[in-house]
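An overview of the molecular structure
Here is what each chain is made of, one letter per residue.
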Amino acid sequence: MVKIKPEEIKVLSNYIYNVSGISIDASKAYLLETRFGKLLEEEGCKSFSEFYHKAKSDTHNVLEKRIINAITTNETLFFRDTSPFDLLTHKILPDLIDSRSGKGNVNLKVWSSACSTGQELYSIAIVIKELLGNSNAHKFTLVGTDLSDAAVAQASAGTYNKFEIERGLPREKLQRYFTPAGGNWKIKDEIRAMGTFRRMNLMQPFVGLGKFDIIFCRNVAIYFTPQDRKKLFNKIADVLEPDGYLLIGATESLTGICPRFVPKRHLRSVYYQLK
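Residues numbered from 1 in each chain as written. Predicted model: local features only at pLDDT ≥ 70, side-chain atom pairs only at ≥ 80, totals over all residues. Heavy atoms only, no water.

Right, let's get into the overall build of the protein. Helix and strand counts for the protein stand at 11 helices and 10 strands. Computed over its C-alpha atoms, the radius of gyration of the protein comes to 20 Å, within 12% of the 19 Å expected for a compact globule of 275 residues. Across its three principal axes, the protein shows a C-alpha extent of roughly 65 × 50 × 35 Å. A sequence separation of at least 24 residues applies to 73% of the contacts in the protein between residues at least 6 apart. Entry remark: accessible area of the protein is about 13,600 Å², with carbon and sulfur atoms responsible for 51%. Averaged over its 39 positive side-chain charges, the protein has a centre that lies 3 Å from the centre of its 30 negative ones. (Helix = DSSP H or I, 4+ residues; strand = E, 2+ residues; numbered from the N terminus. Rg over C-alpha atoms; globule rule 2.2 N^0.38 Å. Contact = heavy atoms within 4.5 Å. Areas by Shrake-Rupley, 256 points an atom, 1.4 Å probe, with all protein chains shown as cover. Lys, Arg positive; Asp, Glu negative; His and termini not counted. Charge placed at Lys NZ, Arg CZ, Asp CG, Glu CD.)

Let us look at the sheet that holds strand β4 (residues 178-181). One open sheet holds the 3 strands; their spatial order is β3-β5-β4, and the pairing between them is antiparallel. A strand with exactly one partner marks an edge of an open sheet, and here the two such strands are β3 (159-160) and β4. (Pairing = 2+ DSSP bridges.)

By secondary structure assignment, the location of Ser-112 is in strand β1 (residues 106-112). Among all residues touching Ser-112, those that are not within four sequence positions of it are Glu-120, Leu-121, Val-143, Gly-144, Thr-145 and Phe-216.

One pair of aromatic rings is described through two measures. These are the centre distance and the angle between the planes. Summed over all chains, the structure comprises 12 aromatic pairs. Ring geometry for Phe-78 versus Tyr-160: centroids 5.3 Å apart, planes at 80°, classification edge-to-face. Residue Phe-78 is located in the loop between α4 (62-71) and α5 (83-100), and its partner Tyr-160 is located in strand β3; the two are separated by 82 residues in the primary sequence. Their ring planes at 45° and their centres at 5.2 Å tell us that Tyr-245 and Tyr-271 sit as a pair that is tilted. With Tyr-245 in strand β8 (residues 240-248) and Tyr-271 in strand β10 (residues 269-274), the pair connects residues that are 26 residues apart, well separated along the chain. The same class applies to Tyr-245 and to Tyr-271, which are both buried. Among the aromatic residues, those joined into a ring-pair cluster are Phe-78, Tyr-122, Tyr-160, Phe-178 and Phe-197. The ring of Phe-212 carries Lys-109 above its face, with NZ or CZ at 4.5 Å from the centroid. Positioned over the ring face of Phe-79 is Lys-173, at 5.6 Å from the centre of the ring. (Phe/Tyr/Trp six-rings, centres within 6.5 Å; stacked < 30°, edge-to-face > 60°. Buried < 20%, exposed > 50% of the residue type's maximum accessible area, 1.4 Å probe, protein only. Lys NZ or Arg CZ within 6 Å of the ring centre and 35° of its normal.)

On to the pairing of strand β2 (residues 138-146). As judged from the 7 bridges shared by β1 and β2, these two strands associate in the parallel manner. Opposite Asn-107, over in β2, you have Lys-139 as the bridge partner. For the crossover from β1 across helix α6 (residues 119-132) to β2, the handedness is right-handed. Two elements, β2 and strand β6 (residues 195-199), share 5 bridges in a ladder whose sense is parallel. Bridged to Gly-144 within β6 is Phe-197. (Right-handed = clockwise from strand over helix to strand, strands pointing away.)

If you check the backbone angles, Asn-61 has positive phi at about 60° while not being a glycine. Considering the arrangement of structural elements, one finds Asn-61 in the loop between α3 (48-56) and α4. The backbone phi angle of Asn-219 is positive, close to 60°, even though this residue is not glycine. Looking at the element boundaries, Asn-219 is found in the loop between β7 (212-217) and α11 (226-238).

This part takes up the packing of helix α2 (residues 29-43) against α4. Between α2 and α4, the least distance of the axes is 9 Å, while the angle of their chain directions is 145°. The handedness of the crossing between α2 and α4 comes out as right-handed. On α4, the residues that touch Leu-32, Arg-35, Phe-36, Leu-39, Glu-42 and Glu-43 of α2 are Leu-63, Arg-66, Ile-67, Ala-70 and Ile-71. Taken together, the residues of the contact of α2 with α4 break down into 7 nonpolar, no polar and 4 charged. (Axes fitted to C-alpha atoms, helices over the stretch in contact; angles between N-to-C directions. Left-handed = near helix turned anticlockwise from the far one by under 90°. Nonpolar A, V, L, I, M, F, W, Y, C, P; charged D, E, K, R; others polar.)

Let us look at the environment of Lys-264. Mapped onto the elements, Lys-264 comes out in strand β9 (residues 261-266). On the accessibility criterion, Lys-264 (32% relative accessible area) is partly exposed. For Lys-264 and Glu-41, which are 223 residues apart along the polypeptide, the C-alpha to C-alpha distance reads 49 Å. For Lys-264, the residues in contact, after removing those within four places along its chain, are Ser-269, Val-270, Tyr-271 and Gln-273. A polar contact of 2.9 Å, which involves the side chain of Lys-264, links it to the side chain of Gln-273. (Polar contact = N/O pair within 3.5 Å; in protein donor to acceptor, adjacent residues only side chain to side chain.)

Relative to each other, helix α1 (residues 6-20) and α2 sit at 65°, their axes nearing to 11 Å. On the basis of their axis angle, the class for α1 and α2 is roughly perpendicular. Judged by the twist between their axes, the crossing of α1 over α2 is left-handed. For the pair α1 and α2, contact is made by Ile-9, Leu-12, Ser-13 and Ile-16 and by Ala-29, Leu-32 and Phe-36, respectively. Among the residues forming the contact of α1 with α2, the class breakdown is 6 nonpolar, 1 polar and no charged. (Parallel < 35°, antiparallel > 145°, perpendicular 65-115°, else oblique.)

Written out as structure tokens, the structure is:
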């Protein structure tokens, strides 16, 4: 494995921050070596300096995309942490549907802002399906975004291997919502059709998103600097409906980050709403 030099860590970390918003400090030499070791070999680079200059000189940004795919964690599973999905079932969806029912058909928009390979968004879709069935009185628009092209491509395909399926997905839901696909499992069309996916860098302006009733932004802001977290959640506040709900990671907090949000509790879980 090619070893990274101290001066190369700073240069490469700055590059990664500029293209992704992910902050990597000087202690993460091993992370950079393990994430990029295979990529250096494939690109024929004998040093991280050569690797960096090759990325900077790539006018088509092909290597940049490969770097982003390599550095993003994509750590996810179906129904991760369970409590957000319990909140959806027992609190958030019933309250929103009840408050909107007097205005005709209910149309709710949900955003999985760091959707990775799609498990979070499909878990949301399954919750909605099980709660409301095929009701025509309620329309849902589910949007999944992620920085990684590779993650978005897999999410759009809705195909998962045995390991990915067994992480968090109950057996009965596997049988009900997935079909075998050449050794893998593919989400059924009725669930797949509920969501759309696109690549998006959360550090850039939110263009063309519109407003959302429910936003999931879990376990992604931990990779940003404190200042960038403030910018991110202020932008999220701008695209959340006045009575909407924000769900963040179980170990995360908005205290001191974005005073526009108020934490609230239900079922021993925390969610956020605008003041």
